[in-house]
Amino acid sequence: AGIVALIVIAAASFTGGVAEPTESPIAGRLEVAEGEPVRLPDGWEVVERFENGVRIGQGRIAVDIVTRAPGEPASLIRSYVEEVLVPDATVFNSTEPVAAEIRGRPAARASYVGRFRQVASLLEGRLVAISYDELGIVVDAWAAEGALATADEPINAIIESIEVSP
């Protein structure tokens, strides 16, 4: 299965920033996970790779796109929060996932605010999980508290553009 995402986003500003890029994609493409390519527009760079995904950044906003085992979208968000966010947080609050539909696929949305180790600013994030037969995708868009409000529209465009092909 492959993930294809056309990502168009404006930079938001916050104190502290996204880490320096670690690589530049070749011809605007990179793999989120083996066999799952993502398209990046000009100005976006890979900041960090994870075992099951990638962090991309432009300016001072970060978007983590990760693959997970298939599951119900709200459960995908809850497990991501419990396994990825909470262990690195010193203070953390999140909303309960709310059911949604994205491009005809079952999805869920949630948001959070937290203070994380090695980050000076209080961060806020928007989580979206999309369920596919063969995998789940979690998108975690984050920045300093208050900064994401200016980027809601382009972040939603990122999420709406994700497609998984067999």
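Residues numbered from 1 in each chain as written. Predicted model: local features only at pLDDT ≥ 70, side-chain atom pairs only at ≥ 80, totals over all residues. Heavy atoms only, no water.

Draft legend 1. Summary view of the environment of Ala 99. Within the secondary structure, Ala 99 is located in strand 8 (residues 98–102). Residues Ala 99 and Arg 109, spaced 10 residues apart in sequence, show a C-alpha to C-alpha distance of 6.6 Å. Ala 99 has contacts with Ala 107 and Ala 108, leaving out every residue within four places of it along the chain. (Helix = DSSP H or I, 4+ residues; strand = E, 2+ residues; numbered from the N terminus. Contact = heavy atoms within 4.5 Å.)

Draft legend 2. Focus on the pattern of salt bridges. All told, the structure shown has 6 salt bridges when counted by the stated rule. A salt bridge links Arg 105 to Asp 133; its shortest N-O distance comes to 4.0 Å. Of this pair, Arg 105 sits in strand 9 (residues 105–116) while Asp 133 sits in the loop between strand 10 (123–131) and strand 11 (136–144); the two residues are 28 residues apart in sequence, bridging distant segments of the chain. For Arg 105, a relative accessible area of 27% corresponds to the partly exposed category. Through salt bridges that share partners, Glu 48, Arg 55 and Asp 64 make up one connected network. (Salt bridge = Lys/Arg side-chain N within 4 Å of Asp/Glu carboxyl O. Buried < 20%, exposed > 50% of the residue type's maximum accessible area, 1.4 Å probe, protein only.)

Draft legend 3. Just helix 1 (residues 73–85), in detail. Given a rise of 1.5 Å per residue, 13 residues ought to cover 18 Å, and the 17 Å separating the end C-alpha atoms of helix 1 matches this to within 8%. Looking only at helix 1, the buried set comprises Pro 73, Ala 74, Leu 76, Ile 77, Ser 79, Tyr 80, Val 81 and Leu 85. Buried positions along helix 1 lie against strand 6 (61–68), strand 7 (89–94), strand 9, strand 10 and strand 11. (Expected span 1.5 Å × (residues − 1).)

Draft legend 4. Representation of the pairing of strand 6 within the structure. When you tally the buried positions in strand 6, you get 8 out of 8 residues, the bulk of the element. Pairing of strand 5 (residues 53–58) with strand 6 involves 6 bridges; the strand directions are antiparallel. Among the inter-strand pairings, Ile 56 is bridged to a residue of strand 6, identified as Val 63. In this structure, the hairpin formed by strand 5 and strand 6 is closed by a connection of 2 residues, where Gly 59 is found at a positive phi of approximately 60 degrees. Note that strand 6 and strand 11 share 7 bridges and pair antiparallel. Looking at strand 11, one finds that Val 63 is bridged to Ala 141. (Pairing = 2+ DSSP bridges.)

Draft legend 5. Looking closely at the nonpolar core. Grouped together as the largest cluster of nonpolar side chains are 24 residues, with contacts concentrated most on Val 63, Ile 130, Ile 137, Ile 155 and Ile 159. Per element, the largest residue contribution to this core is 4 residues, and it comes from strand 11. Membership of the second largest hydrophobic core comes to 18 residues, among which are Tyr 112, Leu 123, Leu 127 and Trp 142. (Core = buried A, V, L, I, M, F, W, Y, C linked by side-chain atoms within 4.5 Å.)

Draft legend 6. Broad picture of the packing of aromatic side chains. One pass over the full model with this rule turns up 3 aromatic pairs. Centre to centre, the rings of Phe 92 and Tyr 112 are 5.5 Å apart; their planes meet at 25 degrees, and the pair counts as stacked. Of this pair, Phe 92 sits in strand 7 while Tyr 112 sits in strand 9, placing them 20 residues apart in sequence. As far as burial versus exposure is concerned, Phe 92 and Tyr 112 are alike and both buried. Ring geometry for Phe 92 against Phe 116: centres 6.2 Å apart, planes inclined by 80 degrees, an arrangement best described as edge-to-face. Note that Phe 92 is positioned in strand 7 and Phe 116 in strand 9, a separation of 24 residues in sequence. Phe 116 carries the same exposure label as Phe 92, and that label is buried. Taken together, the ring pairs in this structure connect Phe 92, Tyr 112 and Phe 116 into an aromatic cluster. (Phe/Tyr/Trp six-rings, centres within 6.5 Å; stacked < 30°, edge-to-face > 60°.)

Draft legend 7. The arrangement of the environment of Val 81 in detail. Relative to the helices and strands, Val 81 resides in helix 1. Residues in contact with Val 81, not counting those within four places in the same chain, are Val 86, Pro 87, Phe 92, Ser 94 and Leu 127.

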